[in-house]
Amino acid sequence: MSRLLPKLIRPTVSYRPSAITPLSTSGLTAAESRELEQRLQKRQVKEFMTVFGNLVDNCFAACVDDFTSRALSGRETGCLSRCVTKSMATQTRLGERFAELNAAMTAEMQKR
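Residues numbered from 1 in each chain as written. Predicted model: local features only at pLDDT ≥ 70, side-chain atom pairs only at ≥ 80, totals over all residues. Heavy atoms only, no water.

Within the secondary structure layout, Val84 lies in helix α3 (residues 74-111). Between the C-alpha atom of Val84 and that of Asn58, which follows or precedes it by 26 residues, the distance is 9.3 Å. (Helix = DSSP H or I, 4+ residues; strand = E, 2+ residues; numbered from the N terminus.)

See the structure below:
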């Protein structure tokens, strides 16, 4: 299965942390700004790994049920493909919606 998932995910991954409005670092020193950026990057990687791990767990549990063979059956492969595609589309839409709401909140704050 580990050989299958990267092939399925690679074309559809669209994790875009840049959709989040960057924090204002105007009151920070250069060193503090770098440290903040590093912490944010680590957090984003951790969040991505959590989402990916959940995707693997959920799709494996939903699709793989025949352990009598070392290879995935055609049904399992199709199920995994649909599951990963649907999960990634959901994550993409959630990210887009979050970016939309974040932009609206930022615009509202700038009006004040």
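Past the structure itself, the notes keep going.
It is worth spelling out the state of the cysteines at this point. Going through the model one piece at a time under the given rule, you end up with two disulfides. The partner cysteine of Cys59 in its disulfide is Cys83, sulfur to sulfur 2.0 Å. Torsion about the S-S bond of the Cys59 and Cys83 cystine: about -85 degrees, corresponding to left-handed handedness. One end of the pair, Cys59, is in helix α2 (residues 30-63); the other, Cys83, is in helix α3, and 24 residues separate them in sequence. Judged by relative accessible area, Cys59 falls into the buried class, the value being 1%. For Cys83, a relative accessible area of 17% gives the class buried. Linked covalently through their sulfurs, Cys63 and Cys79 form a disulfide whose S-S length is 2.1 Å. Around the S-S axis, the bridge from Cys63 to Cys79 shows a dihedral of about -65 degrees and counts as left-handed. Of the two residues, Cys63 is situated in helix α2 and Cys79 in helix α3; the sequence distance between them amounts to 16 residues. Residues Cys63 and Cys79 agree in their burial class; the two are buried. (Disulfide = S-S within 2.5 Å. Buried < 20%, exposed > 50% of the residue type's maximum accessible area, 1.4 Å probe, protein only.)

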